[in-house]
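Report on the structure
What follows is each chain in one-letter form.
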Amino acid sequence: MTLSQIVHQEQGDEERGFATLQLHSGNRPGSGVAPRATPIYLTAGFVLEDFDQAADLFENGDGYTYTRVANPTAEAVEQKVALLERGAEALLVSSGQAAVAITMLGLLEAGQHVLSSSSIYEGTRGFFLDNLSRMGVETDFVDDANDPQAWERLIRPTTRALFAESIPNPKNDIFDIAAIAEVAHAHGIPLIIDNTLATPYLLRPLEHGADIVVHSASKFLAGHGAVLGGVIVDNGKFDAERSGSLFPQLTQPARLGGPSFVDREGGRARIAYLRDVLALRFGPTPSPLNAFLINQGIETLSLRVQRQSENAMGIARWLEQQPEVHSVDYSGLESNAFHKLALRYLPDGQGSVFAFTLRGGVDAARRFVNALQIFTHMTHLGDVKSLILHPGTTSHNQRTDDELSQGGIWPGTLRLSIGIEDLSDLVRDVDRGLAAVRSGS
Ligand SMILES: Cc1ncc(COP(=O)(O)O)c(C=O)c1O
């Protein structure tokens with residue numbers, strides 16, 4: 001197609017490129033007063049114009065009443081992330097943990113069962129083991145997460161959700177979304193993917209068969225480590241024929257006898273239920289100020305993630321050559337067991353969170369961390385600044401030795417989240433850490 005043909009084509013949002021969408025979607029200046037930045041509607045509620053308009057609003061839900069129900073600043077983020085993930089609809093909540101909790105609480109009830117990859121964020125694992133279990137929901141964990149048979153074997157008649165992370169941390173061990181989505185769909189249950197580490201710039205799980213995507217927006221989406229947020233994105237393809245009997249909360253008439261969520265929303269029944277029944281009642285409402293900052297962050301998502309992935313590849317390649325380093329778990333490396341999957345799912349970059357293991361165990365890890373000057377030592381990731389953490393003694397200290405070694409986390413394993421600094425400065429900093437390891441200081 002020539003450029004002039006392209007210029008004269010009418011374009012819908014769906015046809016626009018990622019970089020254009022991350023700037024322009026969910027953020028259209030109207031006529032009259034038109035601030036170019038999305039305004040921060042920092043208000044608990046909205047004025048009801050008159051008696052009849054108030055009744056209308058409460059009847060059909062179109063418009064704004066109270067920020068826990070809907071807020072225009074939060075909606076701008078929801079529309080943007082839904083488009084970037086190629087989903088039908090998104091819901092912004094106050095943290096990634098809230099996104100996971102609200103999603104699972106919307107799908108499950110006492111007596112039911114979740115199947116999850118074992119390589120997941122510790123907060124999510126704790127939610128499954130400590131919180132869901134108290135509500136009568138059991139979770140089984142799949143160690144061999146890319147083996148469809150391993151999932152199939154553990155599915156019960158009561159299983160209502162399969163859960164995994166597209167790029168788990170600390171090990172960058174890529175998940176085969178399409179293969180496990182097939183297992184989920186054969187049983188009429190959804191596959192939920194935490195896409196925090198990949199971001200929709202590198203990977204859109206819904207395009208590979210996932211049904212729901214969750215994010216900690218506190219990480220790459222916001223990007224600057226200033227706020228917390230979470231997003232749930234649904235593919236809008238809930239199939240009531242196939243799965244309606246498994247999810248009666250979506251198919252039964254509303255409490256006061258109104259239409260069911262399926263009758264009202266069709267394929268979007270699941271996300272509508274999460275919005276209207278779960279988020280509304282449990283109340284993990286994002287601050288409009290945080291929504292604004294997440295929106296600003298997303299505007300530069302592709303640029304940051306490109307640079308972070310390039311820097312990560314540079315550091316991983318460099319580390320792989322160092323005698324003090326036993327192994328580097330980065331799927332961008334040809335030597336990595338997940339490299340083939342990375343080429344398939346993440347051709348534009350394999351993200352910037354990965355682990356490497358020092359030969360000298362925990363003493364070497366301590367010396368390395370304490371010597372760094374540019375990397376920040378903290379329990380966070382996806383920041384524009386480079387970060388480092390020792391999972392064995394911090395984020396993963398609730399795992400037994402067996403669980404740690406099963407997950408490939410050794411005493412000398414360190415997790416990196418690479419930022420957008422100059423690569424040469426990062427390499428110098430890592431070299432400083434290795435010098436400390438060598439000198440035993
Ligand atoms: C993959 C992943 N999912 C979810 C969360 C929870 O997000 P938040 O800290 O925003 O609650 C985190 C936090 O580190 C995470 O890494």
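What counts and how
Per chain, the residues get numbers from 1 upward, laid out in the order the sequence is written. Local features in this predicted model are restricted to residues of pLDDT 70 or higher, and side-chain atom pairs are both shown and tallied only at a pLDDT of 80 or more, whereas totals for entire chains, interfaces and linings draw on every residue. Values reported for side chains reflect all heavy atoms of the structure, with hydrogen atoms and water molecules removed beforehand. Pairing of aromatic rings covers Phe, Tyr and the six-membered ring of Trp, with a centre-to-centre limit of 6.5 Å; geometry is then stacked below 30 degrees between planes, edge-to-face above 60, and tilted otherwise. In this description a helix means any DSSP run of H or I spanning at least four residues, a strand means any run of E spanning at least two, and both kinds are numbered starting from the N terminus. Type-normalised accessible area, obtained with a 1.4 Å probe on protein chains alone, sets the label of each residue: buried when under 20%, exposed when over 50%, and partly exposed for intermediate values. Any two strands with at least two DSSP bridges between them are considered paired. Lines are fitted to the C-alpha atoms to define the axes, a helix being fitted only along its stretch in contact, and any angle between axes, read from their N-to-C directions, falls within 0 to 180 degrees. Should any heavy atoms of two residues lie within 4.5 Å, those residues are counted as being in contact. What is meant by a nonpolar core is a set of buried Ala, Val, Leu, Ile, Met, Phe, Trp, Tyr and Cys residues, joined one to another through side-chain atoms within 4.5 Å. The split into domains, and so the bounds of each, comes from an automatic or database assignment of domains. Put simply, a salt bridge is a Lys or Arg side-chain nitrogen that is within 4 Å of an Asp or Glu carboxyl oxygen. Residue proximity to a molecule or strand is established when one non-hydrogen atom of the residue lies within 4 Å of it. Any N or O atom pair separated by 3.5 Å or less is treated as a polar contact, with the protein-specific requirement of one donor-capable and one acceptor-capable atom, and with residues adjacent in sequence counted only for side-chain atom pairs. Methods summary: accessible areas were calculated by the Shrake-Rupley approach with a probe of 1.4 Å, and residue burial reflects only the protein chains presented. Buried area is calculated as the accessible area (1.4 Å probe) missing from two parts once they are joined, with the contributions of both summed. When describing relative orientation, an angle under 35 degrees is termed roughly parallel and one over 145 degrees roughly antiparallel, while 65 to 115 degrees is termed roughly perpendicular and anything else oblique. Each crossing gets its hand from how the near helix is turned against the far one by less than a right angle, where anticlockwise is left-handed and clockwise is right-handed. Residues are grouped as follows: Ala, Val, Leu, Ile, Met, Phe, Trp, Tyr, Cys and Pro are nonpolar; Asp, Glu, Lys and Arg are charged; all remaining types, including Gly, are polar.

Evaluated as defined, the whole model comprises 10 aromatic pairs. Judged by centre distance (5.1 Å) and plane angle (70°), the rings of Phe18 and Tyr201 are edge-to-face. Of this pair, Phe18 sits in helix H2 (residues 18–24) while Tyr201 is found in helix H9 (residues 199–202), placing the two residues 183 residues apart along the sequence. The exposure class of Phe18 is buried, given its relative accessible area of 15%. Taken together, a centroid distance of 6.0 Å and an interplanar angle of 80° make the contact between Phe238 and Phe247 edge-to-face. For the pair shown, Phe238 and Phe247 are each scored as buried. Taken together, the aromatic side chains of Phe127, Phe128, Phe141 and Phe163 make up a single cluster linked through ring pairs.

Here we come to the sheet that holds strand S4 (residues 159–165). Taken in spatial order, the seven strands line up as S1-S7-S6-S5-S4-S2-S3 in an open sheet, and their pairing is mixed. The open sheet is flanked by strand S1 (89–93) and strand S3 (138–142), the only strands paired with a single partner. For this sheet the average axis-to-axis angle between neighbouring strands, irrespective of direction, equals 20°. Each of S1, strand S6 (212–216) and strand S7 (230–234) is contacted by helix H13 (residues 269–282), which is oriented at about 25° to S1, the strand it contacts most.

A word on the nonpolar core. Core analysis: the largest hydrophobic core is formed by 93 residues, its most contacted members being Met104, Leu132, Trp151, Leu162, Phe175, Leu191 and Ile232. Counting contributing residues, this core receives three or more from each of domain 1 (18–297) and domain 2 (301–439). If near-sequence neighbours (up to four positions away) are discounted, Leu191 is found in contact with Leu162, Phe163, Phe175, Ile177, Ile180, Ala181, Ala184, Ala210, Asp211 and Ile212. If you look at the next biggest cluster of nonpolar residues, it comprises 27 residues, including Ile315, Phe356, Ile388 and Leu414.

All right, on to the pattern of salt bridges then. Under the definition given, this model contains 20 salt bridges. Between Glu89 and Arg275 there is a salt bridge, and its shortest N-O distance comes to 3.3 Å. Here Glu89, found in strand S1, pairs with Arg275, found in helix H13; they are 186 residues apart in sequence, far enough to count as distant. In this structure Glu89 comes out as buried when scored by relative accessible area, which is 17%. One salt bridge connects Asp140 with Arg156, and the closest N-O pair in it is separated by 3.1 Å. One end of the pair, Asp140, is in strand S3; the other, Arg156, is in the loop between helix H7 (148–154) and S4, with 16 residues separating them in the sequence. With a relative accessible area of 30%, Arg156 lands in the partly exposed category. Three or more residues joined by partner-sharing salt bridges are found here, namely Glu78, Glu89, Arg268 and Arg275.

What follows covers the site of the ligand. All residues in the neighbourhood of the ligand are listed as Ser95, Gly96, Gln97, Tyr121, Glu165, Asp194, Thr196, Ser216, Ser218, Lys219 and Gly229. For the ligand, an oxygen atom lies 2.8 Å from a polar atom in the backbone of Gly96. One of the side-chain N or O atoms of Ser218 is found 2.5 Å from an oxygen atom in the ligand. For the ligand, whose free accessible area comes to 390 Å², the fraction covered by protein is 90%.

To continue, consider the domain arrangement of the protein chain. The domain architecture assigned to the protein chain consists of domain 1 (18–297) and domain 2 (301–439). The straight-line distance from the C-alpha centre of domain 1 to that of domain 2 is 29 Å. With 38 residues of domain 1 at the interface, the matching set in domain 2 holds 40 residues. The largest per-residue losses of area from domain 1 upon contact with domain 2 belong to Pro170, Leu202 and Phe220, which jointly make up 21% of the total buried on that side. Across the domain 1-domain 2 interface, the total number found is four salt bridges. A salt bridge links Glu403 to Arg125; the nearest nitrogen and oxygen atoms lie 3.0 Å apart. Counting across the interface, domain 1 meets domain 2 through 18 residue pairs in polar contact (both at pLDDT 80 or more). Of all the secondary-structure elements, those providing two or more residues to the side of domain 1 that touches domain 2 are H2, helix H6 (122–134), helix H8 (177–186) and H9. Looking at the side of domain 1 that touches domain 2 element by element, the count peaks at four residues for H9.

Here the focus is the pairing of S1. Across the five residues that make up S1, a large majority, five, are buried. With five bridges joining them, S1 and S7 adopt antiparallel strand pairing. Bridged to Leu92 within S7 is Val231.

Further remarks concern the packing of helix H5 (residues 96–107) against H6. It is at 10 Å that the axes of H5 and H6 come closest, and there the two elements cross at 40°. As far as their axial angle goes, H6 and H5 are oblique. As for how H5 packs across H6, the hand of that crossing is right-handed. Two secondary-structure elements touch here, H5 through Gln97, Val100, Ala101, Met104 and Leu105 and H6 through Gly123, Thr124, Phe127, Phe128 and Leu132. Split by residue class, the contact of H5 with H6 holds seven nonpolar, three polar and no charged.

One open sheet accounts for five strands, arranged S8-S9-S12-S11-S10; its pairing is mixed. Two strands bound the open sheet, and with one partner strand each, they are strand S8 (325–329) and strand S10 (376–377). Contacts from helix H15 (residues 301–320) reach S8, strand S9 (353–358) and strand S12 (413–417) within the one sheet, and its direction differs from that of S9 by about 15°. The strands that helix H17 (residues 361–371) touches are S9, S10, strand S11 (387–389) and S12; relative to S9, the one it contacts most, it runs at about 120°.

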